[in-house]
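# Fold and contact review
Now for the letters of each chain:
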Amino acid sequence: MSLLDLVIRARRVVRAGGEQPAAVGVRDGRIVAISPYDAELDTATELRLGDDEVLLPGLVDSHVHVNDPGRTDWEGFTSATKAAAAGGVTTIVDMPLNSIPPTCDVPALTLKRKTAETQSYVDVGFWGGAIPGNVPDLRPLHDAGVFGYKCFLLHSGVDEFPPLDADQLAAAMRELSTFDGLLIVHAEDAHRIDEATEPNGASYEAFLNSRPRVAENEAVAQVIDLARETGCRVHILHVSSADILPLLTQARNDGVRITAETCPHYLSFAAEDIPDGATQYKCCPPIREAANRELLWEGLRDGTIDQVVSDHSPSTIDLKHLDTGDFGTAWGGIASLQLGLSAVWTEARRRGFTLADVVRWMAAAPAAQTGLATKGGIEVGYDADFCVLAPDETFTVDAHELQHKNAITPYDGRTLTGVVRSTWLRGAPVDIAVDPRGRLLTRGER
């Protein structure tokens, strides 16, 4: 074999089939060889990982709110992609809100791409948005390279990204089915939320009751029915209610093309443990009870839930209303982009899962869903995106030491297992102290 740019030798390399010792050869930013650990390879640079380190593929986080342009005091492409790299994530897909304007037409996508192109330390793709009145914009956004379309079935939290009613949802799905577009859905039923009790100040129990699981269950059932009718591909975002798992199983058995994700916070925390007034835990749908959390883990075990992504939804600290602890008025979103891998591994290993499971949920499945054919695995022909993890090392989260723009997260003070030692993008380590070299991605590229 001709001269390689890089060889990484590791006693533990996590691939689709499990772990193995290997020497991974890289040329021109792509993996070109996976050889036995001691294989003789002609290379310009060689790295041997320590016995306490594991080579993972770079993670793919397909649910990130960067909020740039328009709300860059909440987050921005520089801070978000630095946080991603620090957490072993080499690809993010940015949500169409809470930026201003939201990514609901081609001019907004063009502005978003222009904003991101000089700031991104990891590779970045973009979701489009499906809102009332923009059905004519869906195909042009598809042609411009978005990975799919996000919609809400109730108020999104920002007025510039309104929800779809039943007729509008059906119209969007019919349009997407004509070109095999993917609809990703925040599934909570607006009517059920309206009928629920109002959040009552600092009481977490009152907040939980204001977002009942029946709202999530009925919304998912509605999406499934319309997907069955229209043939549209659909994805359920941030599953918090384990009640929907049988619905997903039945839908797939019926031939509905549906996938689902959950998030580190639903797998890590439990409602019973959240103190009143602790609005850093507020997210929608909410963190539910411990028994429900364990059922979500079982959904991952049996494959009903396909993937785990962050739903990184930061804001400025003042919007969390820590002074009053009012769950009714505080911004609903959890900042965790940098911590997702460690948070999930901490809980997964306690339940008998392996790093290969974590890679499947957090790299391979999000890459497959978004059609990123050269991301999410350590295979010949894939991008040389890697995460070097010390899986047995622990650390205590200090929100002020994270790369997130605002130092607030429910993980602050929590001890996690799994330290990211380095992150590699297309065969070179990511250095957040120098100029960024992340690329902007479009759907379908290889």
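- Under the annotation held in an unreviewed UniProt entry, the protein chain carries the name allantoinase and is attributed to Kribbella speibonae.
- On record in UniProt, under Pathway (unreviewed entry), the comment for the protein chain is "Nitrogen metabolism; (S)-allantoin degradation; allantoate from (S)-allantoin: step 1/1."
- The UniProt entry for the protein chain carries the following comment under Subunit (unreviewed entry): "Homotetramer."

## Some points on the sheet that holds strand 8 (residues 123–126)
- In space, the three strands of this open sheet follow the order 6-7-8, with parallel pairing throughout. Across the chains shown, the open sheet's two edge strands, defined by having one partner strand only, are strand 6 (59–64) and strand 8. Mean inter-strand twist for the sheet, computed between neighbouring axes without regard to direction, equals 20 degrees.
- Sheet analysis places strand 6 next to strand 7 (residues 89–94), joined by four bridges and oriented parallel. By the bridge assignment for strand 7, D61 is matched with I92.

## Considerations on helix 7 (residues 213–230)
- With 18 residues, helix 7 extends 26 Å between its outermost C-alpha atoms, agreeing within 8% with the 26 Å of an ideal straight helix rising 1.5 Å per residue.
- Taken residue by residue, helix 7 has A215, E216, N217, A219, V220, V223, I224, L226, A227 and T230 as its buried positions.
- Along its buried surface, helix 7 packs onto helix 4 (166–177), strand 11 (182–186), helix 5 (190–195), strand 12 (233–236), helix 8 (245–253) and strand 13 (258–262).

## A word on the side chain of R288
- Here R288 is to be found in the loop between helix 9 (264–268) and helix 10 (290–301).
- Reaching out from R288, the side chain makes a polar contact with the side chain of S240 at a distance of 3.0 Å.
- In contact with R288, not counting residues within four places along its chain, are L208, R211, P212, R213, E216, S240, S241, F269, A270 and A271.

## A word on the pattern of salt bridges
- The final tally for this structure, using the stated rule, is 34 salt bridges.
- Note that D52 is salt-bridged to R421, the shortest N-O span being 2.9 Å. Of this pair, D52 sits in the loop between strand 4 (46–48) and strand 5 (54–57) while R421 sits in strand 16 (residues 415–425), and the two are 369 residues apart along the sequence.
- Given a relative accessible area of 36%, R421 falls into the partly exposed group.
- Here E393 makes a salt bridge to R421, at a shortest N to O gap of 2.7 Å. One end of the pair, E393, is in strand 15 (residues 386–396); the other, R421, is in strand 16, and 28 residues separate them in sequence.

## A word on the sheet that holds strand 14 (residues 307–308)
- What the six strands build is an open sheet, ordered 9-10-11-12-13-14; its pairing is parallel. Edge strands, defined here as strands with exactly one partner in the open sheet, are strand 9 (128–129) and strand 14.
- Sheet topology places strand 9 next to strand 10 (residues 149–152); two bridges connect them, and they run parallel. Opposite G128, over in strand 10, you have Y149 as the bridge partner.

## Observations regarding the pairing of strand 6
- Most of strand 6 is tucked away: six of the six residues are buried.
- In this view, the connection linking strand 6 to its parallel neighbour strand 7 by way of helix 1 (residues 77–86) has right-handed handedness.

## As for unusual backbone geometry
- In this model, L97 is joined to N98 through a cis peptide bond whose omega is 25 degrees.
- With respect to the element layout, N98 can be found in the loop between strand 7 and helix 2 (106–116).
- Residue C284 is joined to P285 through a cis peptide bond whose omega torsion reads -5 degrees.
- Positive phi values are uncommon outside glycine, yet D28 reaches one of about 55 degrees.
- Counting through the fold element by element, D28 comes out in the loop between strand 2 (18–27) and strand 3 (30–35).
- With relative accessibility at 66%, the residue D28 sits in the exposed group.
- One non-glycine residue with positive phi stands out, namely R426, at about 50 degrees.

## Structural notes on the environment of V158
- Relative to the elements of secondary structure, V158 occurs in the loop between strand 10 and helix 4.
- Counting along the chain gives 156 residues from V158 to S2, while the straight-line C-alpha distance between them is 54 Å.
- Residues in contact with V158, not counting those within four places in the same chain, are R71, L97, N98 and W331.

## What to know about the packing of aromatic side chains
- Scanning the model with the defined rule gives twelve aromatic pairs in all.
- Ring centres of F77 and F126 lie 6.3 Å apart, and the angle between their planes is 70 degrees; on these two criteria the pair is classed as edge-to-face. Here the residue F77 occupies a position in helix 1, and F126 occupies one in strand 8, the gap between them amounting to 49 residues. Accessibility assignment for this pair places F77 and F126 in one class, buried.
- Ring pairs connect the aromatic residues Y204, F207 and F327, which therefore count as one cluster.
- The cationic tip of R11 hangs over the ring face of Y37; the distance from NZ or CZ to the ring centre is 3.7 Å.
- For R71, the ring lying beneath its charged end belongs to W74, and the centroid distance is 5.2 Å.

Thresholds applied
Every chain is numbered on its own, with residues counted from 1 as its sequence reads. Totals for whole chains, interfaces and linings use every residue, but because this is a predicted model, local features are given only for residues with pLDDT of at least 70 and side-chain atom pairs only at 80 or more, for both listing and counting. The basis for every side-chain value is the complete set of non-hydrogen atoms in the structure, without hydrogens or water. UniProt positions are given in the numbering used here, feature names are shortened, and annotations may be inferred rather than shown by experiment. Any two strands are treated as partners once DSSP identifies two or more bridges connecting them. Only runs of H or I of at least four residues qualify as helices and only runs of E of at least two qualify as strands under DSSP, and these elements are numbered from the N terminus. Axes, fitted as lines to C-alpha atoms, cover a helix only where it is in contact. Angles between the N-to-C directions of the axes lie from 0 to 180 degrees. Expected helix span is computed as 1.5 Å times (number of residues minus one). Each residue's exposure class comes from its accessible area (1.4 Å probe, protein chains only) as a fraction of the maximum for that residue type: buried when under 20%, exposed when over 50%, partly exposed otherwise. Between two residues, a contact is recorded if the distance between any of their heavy atoms is within 4.5 Å. Under the rule applied, a polar contact is a pair of N or O atoms within 3.5 Å (in protein, one hydrogen donor and one hydrogen acceptor; residues adjacent in sequence only if both atoms are side-chain atoms). Salt bridges are defined by distance alone: a side-chain nitrogen of Lys or Arg within 4 Å of a carboxyl oxygen of Asp or Glu. Here, the term right-handed applies to a crossover whose path from the first strand over the helix to the second runs clockwise when the strands point away from the viewer. Paired rings are identified among Phe, Tyr and Trp, the last through its six-membered ring, by centres lying within 6.5 Å, and are further divided according to the angle between planes into stacked (under 30 degrees), edge-to-face (over 60) and tilted (the rest). Only Lys NZ and Arg CZ are tested; either one counts as a charge over a ring when it is within 6 Å of the ring centre and within 35 degrees of the ring normal.

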